[in-house]
Structures are given as C-alpha cells and as structure tokens.
Amino acid sequence: MAEVELTIAGRPYRVACRNGEEDNLRKAGALVDAKSREALAGLGTLSESRQLLFAALLLADQLVEGRDVEVPTGPDPELVERTDRLAARLESLADALERPARTD
C-alpha cells in the first residue's frame, strides 16, 4: 500500500492507494484542487466542505455534459501572476525601507 501527499483547497491530505496508482491519485488530486479553487474564485468565501462540494459538482457537470476534464499540469497561471506582483511590491517596499532617511 502506498501513500500520497495531496494538497487540496490549501490543505494537505495523506491518502493511501494501491502500489503503482500514485500518479493517477496525484492527477485526480490536482483536478479536485483546481476545481476547488475555481469554486472559491467564483463564489467567494466558502467553508472547506462547501468548497469541496462545489468542486465535486463542477467535475460531475463536466462529466455529465461529456466535456473533457483537463488535468492541470503545473501551477495555476493566475496564482503565479499574483505571486509575482506581490513579490515585486514587497521588493519595492524593502528598497524604500533600506534607503537612508532624508534629513532636510
């Protein structure tokens, strides 16, 4: 029996699976995580259980409609962009704090 560490909706989970099924479980976890973030982005603040409920409903809707379910292959581009903007802002603030104070 193997164990896989997943992060879904910002929380870590350790999930057991059969040996050799680790990659499939990671892909499924990434899919649920992406849908939980989509639910949160669309509906605002949700409890963890409601966030996961809406993630499941979004996935089920895709399956019922016969649409392809895309498995995320990397970090969410929107989160990467927001993180980059935040890092740039923090750098700017750090630079301002490091400059000597002007005495006029």
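Participant: Describe the nonpolar core, listing the residues and the values that go with them.
Facilitator: By size, the foremost hydrophobic cluster in this structure holds six residues: Ala2, Val4, Leu6, Ile8, Cys17 and Leu25. Apart from the residues within four sequence positions on either side, Val4 is in contact with Tyr13, Arg14, Val15, Cys17, Glu22, Leu25 and Arg26.

Participant: With reference to specific residues and values, describe a nonpolar patch on the surface.
Facilitator: On the surface, a nonpolar cluster with roughly 280 Å² of combined accessible area is contributed by Leu86, Leu90 and Leu93. Within the secondary structure, Leu93 sits in helix 3 (residues 77-98).

Participant: If you had to explain helix 1 (residues 22-43) to someone new, which residues and values would you point to?
Facilitator: Along an α-helix, a turn takes 3.6 residues, which lines up residues three or four apart on a common side. If you check helix 1, its first and last C-alpha atoms are 31 Å apart, about what 22 residues at 1.5 Å a residue would give, namely 32 Å. Among the residues of helix 1, Leu25, Gly29, Leu31, Asp33, Lys35, Ser36 and Ala39 are the ones counted as buried. In the core, the buried residues of helix 1 are packed alongside strand 1 (2-8), strand 2 (11-17) and helix 2 (48-65). One or two positions beyond helix 1, positive phi appears at Gly44, with a value near 80°.

Participant: Describe helix 2, listing the residues and the values that go with them.
Facilitator: Spanning 18 residues, helix 2 covers 26 Å between terminal C-alpha atoms, matching the ideal 26 Å at 1.5 Å per step. Residues Gln51, Ala55, Leu59 and Gln62 constitute the buried set of helix 2. For helix 2, the angular spread of the buried residues around the axis is 70°, confining them to a single face. Helix 2 presents Ser49, Val64 and Glu65 as exposed residues on the side facing more than 90 degrees away from its buried surface. Looking at the buried side of helix 2, the elements it contacts are helix 1.

Participant: For the pairing of strand 1, give the residues involved together with the corresponding values.
Facilitator: Of the two faces of strand 1, only the one carrying Ala2, Val4, Leu6 and Ile8 is buried; Glu3, Glu5 and Thr7 on the other face are not. Relative to strand 2, strand 1 runs antiparallel, the two being bridged by seven bridges. Residue pairing for strand 2: Glu3 is matched across the bridge by Ala16. If you look at the hairpin formed by strand 1 and strand 2, you'll find two residues sitting between the two strands, and Ala9 has a positive phi there, around 55°.

Participant: Describe in detail the confidence of the model for the chain, supporting the description with residues and values.
Facilitator: Averaged over all residues, the pLDDT of the chain equals 84, while 88% of them reach at least 70. Ranking the elements of the chain by mean pLDDT puts helix 3 last with 84 and strand 2 first with 93.

Participant: Break down the side chain of Gln51 for me, citing the residues and quoting the values.
Facilitator: Positionally, Gln51 belongs in helix 2. The contact partners of Gln51, leaving out residues within four places of it in the chain, are Ala9, Ser36, Arg37, Ala39, Leu40 and Leu46.

Participant: Which residues make up the pattern of salt bridges, and what values do they have?
Facilitator: In this structure the tally under the stated criterion is eight salt bridges. Here Arg85 makes a salt bridge to Glu81, at a shortest N to O gap of 2.7 Å. Separated by four residues within a single helix, Arg85 and Glu81 lie in helix 3, roughly one turn from each other. Glu81 gets classed as partly exposed once you look at its relative accessible area, which sits at 47%. Linked by salt bridges that have partners in common, Glu3, Glu5 and Arg14 make up one network.

What counts and how
Residues numbered from 1 in each chain as written. Predicted model: local features only at pLDDT ≥ 70, side-chain atom pairs only at ≥ 80, totals over all residues. Heavy atoms only, no water. Core = buried A, V, L, I, M, F, W, Y, C linked by side-chain atoms within 4.5 Å. Buried < 20%, exposed > 50% of the residue type's maximum accessible area, 1.4 Å probe, protein only. Contact = heavy atoms within 4.5 Å. Patch = residues over 30% accessible without salt bridge, like charges linked within 9 Å, V, L, I, M, F, W, Y side chains within 5 Å. Areas by Shrake-Rupley, 256 points an atom, 1.4 Å probe, with all protein chains shown as cover. Salt bridge = Lys/Arg side-chain N within 4 Å of Asp/Glu carboxyl O. Helix = DSSP H or I, 4+ residues; strand = E, 2+ residues; numbered from the N terminus. Expected span 1.5 Å × (residues − 1). Arc of directions from axis to C-beta. Pairing = 2+ DSSP bridges. pLDDT = per-residue confidence, 0-100.

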